[in-house]
Amino acid sequence: MQDVAREAGVSPQTVSRVANGSDAVRPETRIRVEAAMEKLGYRPNYAARALKHGEFRNIGVVLFNMTTFGNARILNGITAAARDVDYSVTIQTMRSGAERTLKAAVERMKQQPVDGVIVVLEERITDFAEYKPPRDLPVVLVTEGAADHCPTIDGDQYGCSTAIVDYLMSKGHHTVYHISGPVSSRAAESRAKGWREALEQLGAEVPPITIGDWCADSGYQAGIALAHDPNCTAIYAANDQMAYGAMLGLQAAGKRVPQDVSIVGVDDSLVDMVPRLNLTTMRMKFDEIGAAAFSMVRQQCEGEYVPSGVKTVIPTELVERGSVRDISA
């Protein structure tokens, strides 16, 4: 910094203001300082800045994996929100085996220069109920359900199911069959619960559930099987990949969508990927979830209170295309 100040003919304080993005520097001075930085290869020492100001402006994010559509979009929302306020993001994936706990994940992230942690908790883990975050490290969970010691946020997993059942039943269907996600998934569990309880509340028959694995092939096999059930006129699949696979399975078994069987998915992950997409779906606003999670952890980092024991819910949105038929007439 001293070298840059000498090169630009300014004080070290002016160099510091330029490095920190302060507006209290005249444009011509800023240009001169930035030219000196470029010439001398100067870059800010963020470790020193953190020691001085007591913050890293860096948020840690822990995920089970980064390849699923929902996780990728949540991560995109987090990083975009962080970028807008000059924060950085450090990413780690959850370890397997005995260390697959909240405590292990946060302790591992605590070794990094981070001010707070977001954990995208898509699977059940053993210490969810009793986990308490460190006093000096804010933690936000992206998960289904509230936690006693951490703020939580997620899409409306339960409500999207009740809305889909109500929607299909309003079209004249007597019941709705369900292709769920894997049993390890918290979201799949909540979506299945919403489906079942919505049917029960309407006094409709609850058909046997078909368990999938989020992938299109499991939906395809389910579609072939359900094509042979004469009572199946409506299917709700817990994500769009399984829904699209089920459509192909139904068609391979001689059924037409939506003339013979109506189908609805969740997440809207196939838009811009599948040409002439006609799948009706309940859109999950994953980017919005990620941005809101970042805002919640940043608020805590800056000393604001964010309540625990309360889940922030981001509502879903029905996107009607062409995979549902109204048979009420």
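The numbers attached to residues start from 1 for each chain and follow its sequence in the written order. Only residues with pLDDT of at least 70 get local features here, since the model is predicted, and only at 80 or more are side-chain atom pairs given and counted; chain-wide, interface and lining totals rely on the full set of residues. Hydrogens are left out, water is left out, and the side-chain values use all remaining heavy atoms of the structure.

**Re the overall build of the protein**
So, point 1. Every helix listed is a DSSP run of H or I at least four residues long, and every strand listed is a run of E at least two residues long, numbered separately from the N terminus. Along the protein, the regular secondary structure elements total eleven helices and twelve strands.
So, point 2. Here the protein has a C-alpha radius of gyration of 25 Å; the compact-globule value for 329 residues is 20 Å, and the former is much larger.
So, point 3. When the backbone C-alpha atoms are referred to their principal axes, the protein occupies close to 85 × 45 × 30 Å.
So, point 4. Each residue is assigned to one of three classes by its accessible area relative to the maximum for its type, calculated with a 1.4 Å probe on protein chains only: buried under 20%, partly exposed between the two thresholds, exposed over 50%. Per-residue burial for the protein yields a buried fraction of 47% across its 329 residues.
So, point 5. When checking whether two residues touch, look at their non-hydrogen atoms; a contact exists if any pair is within 4.5 Å. Contacts in the protein between residues far apart in sequence, at least 24 positions, make up 71% of those at least 6 positions apart.
So, point 6. The method behind every accessible area is Shrake-Rupley, applied with a 1.4 Å probe, and residues are considered shielded solely by the protein chains displayed. As displayed, the protein has an accessible area near 16200 Å², and 48% of this comes from carbon and sulfur atoms.
So, point 7. Neither His nor the chain ends is counted toward charge; the positive residues are Lys and Arg and the negative residues Asp and Glu. Note on charges: their place is set at NZ of Lys, CZ of Arg, CG of Asp or CD of Glu. Measuring between centres, the 34 positive side-chain charges of the protein sit 6 Å from its 41 negative side-chain charges. Throughout, the radius of gyration refers to the C-alpha atoms, and the reference size of a globule is 2.2 Å times the residue count to the power 0.38.

**Let's talk about the pairing of strand β1 (residues 58-63)**
So, point 1. Among the six residues that make up β1, six are buried, leaving the element largely enclosed by the rest of the structure.
So, point 2. A two-sided burial pattern is seen for β1, the buried positions comprising Asn58, Gly60 and Val62 on one face and Ile59, Val61 and Leu63 on the other.
So, point 3. A crossover counts as right-handed when, viewed with the strands pointing away from the observer, the path leading from the first strand over the helix to the second turns clockwise. This β-α-β element, β1 to helix α5 (residues 69-84) to strand β2 (residues 88-93), shows right-handed connectivity.
So, point 4. One ladder, built from five bridges, connects β1 with strand β3 (residues 116-120); its direction is parallel. Bridge pairing in β3 links isoleucine 59 to glycine 116. The pairing criterion for strands is at least two bridges between them, as found by DSSP.

**Topic: the environment of glycine 203**
So, point 1. Structurally, glycine 203 is set in the loop between α8 (186-202) and β7 (210-211).
So, point 2. Along the primary structure glycine 203 and leucine 277 are separated by 74 residues, whereas in three dimensions their C-alpha atoms are 33 Å apart.

**Side note on the sheet that holds β7**
So, point 1. Within the open sheet, the six strands sit side by side as β7-β6-β8-β9-β10-β12. Their pairing is mixed. One side of each edge strand has no neighbouring strand; the edge strands of this open sheet are β7 and β12 (317-319).
So, point 2. Pairing of strand β10 (residues 280-283) with β12, which is carried by three bridges, proceeds in the antiparallel orientation. Bridging from a neighbouring strand, threonine 281 pairs with valine 319 of β12.
So, point 3. Contacts from helix α7 (residues 157-170) reach β8 (234-237), β9 (262-266), β10 and β12, with the element oriented near 165° to β9. Each axis is a line fitted through C-alpha atoms, taken for helices only over the stretch in contact, and angles between the N-to-C directions span 0 to 180 degrees.

**Examining α5**
Quick reminder: α-helices carry 3.6 residues per turn. Residues three or four places apart thus point the same way.
So, point 1. Between the first and last C-alpha of α5 there are 23 Å, a value that for 16 residues agrees with the 22 Å anticipated at 1.5 Å per step.
So, point 2. For α5, every residue scored as buried is listed here: Gly70, Asn71, Ile74, Leu75, Gly77, Ile78, Ala81 and Ala82. Down the axis of α5, the buried set is contained in an arc of 155°. They therefore lie on one face. For α5, the exposed residues set more than 90 degrees away from the buried face come down to Arg83 and Asp84.
So, point 3. Along its buried surface, α5 packs onto β1, β2, β3, β4 (139-142) and α11 (286-301). In this scheme, a helix's expected span is set at 1.5 Å multiplied by one less than its residue total. In this description, one arc is meant: the one made by directions from the helix axis to the C-beta atoms.

**What to know about the side chain of arginine 191**
So, point 1. Mapped onto the secondary structure, arginine 191 falls in helix α8.
So, point 2. For this document, the term salt bridge refers to a Lys or Arg side-chain nitrogen within 4 Å of an Asp or Glu carboxyl oxygen. Although arginine 191 lies buried, it forms no salt bridge, and the closest oppositely charged side chain, aspartate 267, sits 5.7 Å away as judged by the N-O distance.

**So, the sheet that holds strand β5 (residues 152-155)**
So, point 1. Within the open sheet, the six strands sit side by side as β2-β1-β3-β4-β5-β11. Their pairing is parallel. Both outer strands of the open sheet, β2 and β11 (311-314), are each paired with one neighbouring strand and no more. Strand-to-strand, the axes of this sheet are offset by a mean angle of 20°, without reference to chain direction.

**Concerning the side chain of asparagine 71**
So, point 1. As for its placement among the helices and strands, asparagine 71 is situated in helix α5.
So, point 2. Here asparagine 71 is in contact with Leu63, Asn65, Val120 and Glu122, once residues within four sequence places are set aside.

**Points about the pattern of salt bridges**
So, point 1. Under the definition given, this model contains 14 salt bridges.
So, point 2. Of the charged contacts in the structure, one is a salt bridge between glutamate 302 and arginine 298, with a shortest N-O distance of 2.9 Å.
So, point 3. Look at arginine 298 and you get partly exposed, because its relative accessible area is 25%.

**Describing helix α10 (residues 240-252)**
So, point 1. The first and last C-alpha atoms of α10 sit 18 Å apart over 13 residues, in line with the 18 Å expected at 1.5 Å per residue.
So, point 2. Those residues of α10 not exposed but buried are Asp240, Met242, Ala243, Gly245, Ala246, Met247, Gly249 and Leu250.
So, point 3. Looking at the buried positions of α10, the neighbouring elements they touch are β6 (177-180), α9 (216-226), β8, β9 and β10.
So, point 4. Glycine 254 occupies a position one or two residues after α10 and carries a positive phi of about 95°.

**A closer look at the packing of aromatic side chains**
So, point 1. Put simply, two rings from Phe, Tyr or Trp (the six-membered ring, in Trp's case) pair if the centres are within 6.5 Å, and we call them stacked under 30 degrees between planes, edge-to-face over 60, tilted for the rest. In total, this model carries two aromatic pairs according to the counting rule given.
So, point 2. Geometrically, the ring pair formed by tyrosine 87 and phenylalanine 294 is edge-to-face, given 5.4 Å between the ring centres and 80° between the ring planes. Linking tyrosine 87 in the loop between α5 and β2 with phenylalanine 294 in helix α11, this pair joins segments that are 207 residues apart in sequence.
So, point 3. The buried category is assigned to phenylalanine 294, whose relative accessible area is 3%.
So, point 4. Over a ring means this: the NZ of a Lys or the CZ of an Arg is within 6 Å of the ring centre and within 35 degrees of the ring normal. The ring of phenylalanine 128 has arginine 186 lying over it, and the distance from NZ or CZ to the ring centre is 4.3 Å.

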